[in-house]
Amino acid sequence: MQKIAQNVYVETDFEGCNCGFVVTEDGIVMIESPQIPKNAVQWREEIAKHGRVRYLINTEPHDDHFAGNYYFEGTVVGHEGTREAILKARMDRFPRGVVPPEKDFHFRPPTITLSQRLTLYVGKHTFKLINMPGHTPYQVAVYIPEEKVVFTSDNVVGHLCYMDQSSPQDWLASLKQLEQLDAEYYVPGHGNVRDKSCLPEMTGVVQGWVETVKQAIERGLSCQEAQDAIPELPGYKSERPDRHRVDVQRRNIAHLYRLLK
Ligand SMILES: [Zn+2]
């Protein structure tokens with residue numbers, strides 16, 4: 001766990017997404033919950049040293065961001081689209097066949113939702129939740145001006161990401177919007193805590209994907225030919241692409257192909 005600002009703690013080493021919490025004068029506000037039950041219990045014990053959880057914010061509709069909500073108290077807050085996704089979530093989505101041991105385990109959806117913006121005032125802290133479509137239409141950035149911290153959701157990631165629900169145009173606009181915030185610490189959905197320099201990098205990654213698929217279309221390739229011809233999209237080279245990576249990339253290419261064609 002890292003303390004990245006006066007009252008902000010972040011864990012970037014859990015399997016799943018980055019998780020954070022903010023200690024306010026009126027309790028704890030969490031951002032995401034750990035996906036793996038064992039990590040969630042550990043995180044709950046860590047947080048308990050600082051106070052009681054008031055709110056738990058989920059920044060997007062993917063399971064690695066909300067699966068652990070069950071383990072925490074506090075009101076869950078998220079985008080309407082994230083609530084929809086959690087209501088439909090299936091138990092078989094845990095990685096490596098992990099099964100939560102608790103008999104009454106269930107996914108906890110947000111009971112407070114937003115479509116555009118929502119601000120929570122807790123103690124002396126402000127939590128500005130802003131819908132920033134990109135990775136999915138339902139992404140929410142959590143900006144905490146008093147700490148100069150923003151949790152970006154998977155609109156910024158340090159590794160291979162899913163683009164199969166994405167709108168690249170919106171994504172690029174959201175990255176610009178993130179740049180305009182008066183923030184020093186950017187907590188991505190996955191990967192290390194960064195400063196503003198992560199934003200032009202991510203912009204380059206999104207543009208690179210779009211450009212690569214565009215070129216395949218211009219060369220007259222069919223979607224399947226493009227999937228076969230583009231083994232590794234820019235920004236995501238790996239030494240040994242495993243099946244999961246290849247599968248994600250093929251889905252990303254198919255989605256971009258449909259959008260750009
Ligand atoms: Zn995601």
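Along each chain, the written sequence defines residue order, and numbers are assigned to residues from 1. Since the coordinates come from a predicted model, pLDDT governs what is reported: local features require at least 70, and pairs of side-chain atoms require 80 or more to be given and counted, while whole-chain, interface and lining totals use all residues.

1. Some details on the overall build of the chain
Alright, step 1. Helix and strand definitions here come from DSSP, where helices need a minimum of 4 consecutive H or I residues and strands a minimum of 2 consecutive E residues; each element is numbered from the N-terminal end. When its secondary structure is counted, the chain shows 7 helices and 12 strands.
Alright, step 2. Each of the three principal axes of the chain carries a C-alpha extent, and together these read 60 × 45 × 35 Å.
Alright, step 3. Whether two residues are in contact is decided by their C-beta atoms, placed from the backbone, lying within 7 Å. A sequence separation of at least 24 residues applies to 62% of the contacts in the chain between residues at least 6 apart.

2. A short note on the domain arrangement of the chain
Alright, step 1. Domain borders in the structure are assigned automatically or taken from a domain database. If you check the domain split of the chain, you get domain 1 (2-196) and domain 2 (201-261).
Alright, step 2. Averaged C-alpha coordinates put domain 1 and domain 2 at centres separated by 27 Å.
Alright, step 3. On the domain 2 side, the residues contacting the 10 residues of domain 1 number 12 residues.
Alright, step 4. Examining the composition of the side of domain 1 that touches domain 2, we find that 4 residues originate from one element, helix α4 (residues 168-180), more than from any other.
Alright, step 5. Taken together, the residues that form the side of domain 1 that touches domain 2 break down as 8 nonpolar, 1 polar and 1 charged. Ten residues, namely Ala, Val, Leu, Ile, Met, Phe, Trp, Tyr, Cys and Pro, are considered nonpolar, four, namely Asp, Glu, Lys and Arg, are considered charged, and the remaining ones, Gly among them, are considered polar.

3. A few points about the sheet that holds strand β1 (residues 2-5)
Alright, step 1. For two strands to be treated as a pair, DSSP must find at least two bridges joining them. The strand order across the open sheet built from 7 strands is β1-β2-β3-β4-β5-β6-β7, with neighbouring strands paired in mixed fashion. Bordering the open sheet on either side are β1 and β7 (112-114), each of which pairs with just one other strand. Averaged over all neighbouring strand pairs, the angle between strand axes comes to 25°, with direction disregarded.
Alright, step 2. Direction of pairing for strand β4 (residues 27-31) relative to strand β5 (residues 53-57): parallel, over a ladder of 4 bridges. Only C-alpha atoms enter the line fits that serve as axes; for helices the fit covers just the stretch in contact. Angles between N-to-C directions range over 0 to 180 degrees.

4. Considering unusual backbone geometry
Alright, step 1. Positioned with a positive phi, Lys 148 is a non-glycine residue whose angle comes to about 55°.
Alright, step 2. Assignment of secondary structure puts Lys 148 in the loop between β10 (140-144) and β11 (149-157).
Alright, step 3. Of note in the backbone geometry, Ser 153 takes a positive phi value of approximately 65° without being a glycine.
Alright, step 4. Structurally, Ser 153 can be placed in strand β11.

5. Details of the nonpolar core
Alright, step 1. A set of buried Ala, Val, Leu, Ile, Met, Phe, Trp, Tyr and Cys residues, joined through C-beta atoms within 7 Å, is what we mean by a nonpolar core. Exposure is read from a count of other C-beta atoms within 10 Å of each residue's own; the residue is exposed at 12 or fewer, buried at 20 or more and partly exposed in between. C-beta atoms are placed from the backbone. Val 29, Met 30, Ile 57, Ala 141, Val 142, Val 150 and Val 213 are the most contacted members of the largest nonpolar core, which has 58 residues in total.
Alright, step 2. No other element matches helix α5 (residues 198-218), which puts 9 residues into this core.
Alright, step 3. Each of domain 1 (2-196) and domain 2 (201-261) contributes no fewer than three residues to this core.
Alright, step 4. Not counting residues up to four positions away in its chain, the partners in contact with Met 30 are Phe 21, Ile 47, Val 53, Leu 56, Ile 57, Phe 72 and Gly 74.

6. Examining the sheet that holds β11
Alright, step 1. Here we have 5 strands laid out as an open sheet, ordered β8-β9-β10-β11-β12, and mixed in their pairing. The outermost strands of the open sheet, each flanked by one partner alone, are β8 (117-122) and β12 (185-190). Averaged over all neighbouring strand pairs, the angle between strand axes comes to 25°, with direction disregarded.
Alright, step 2. Across the sheet, α4 touches β10 and β11, and the angle it forms with β11 is around 160°.

7. Focus on the environment of Glu 184
Alright, step 1. Mapped onto the elements of the fold, Glu 184 is located in the loop between α4 and β12.
Alright, step 2. Residues Glu 184 and Asp 195, 11 residues apart in the sequence, show an inter-C-alpha distance of 5.5 Å.
Alright, step 3. The contact partners of Glu 184, leaving out residues within four places of it in the chain, are Lys 148 and Asp 195.

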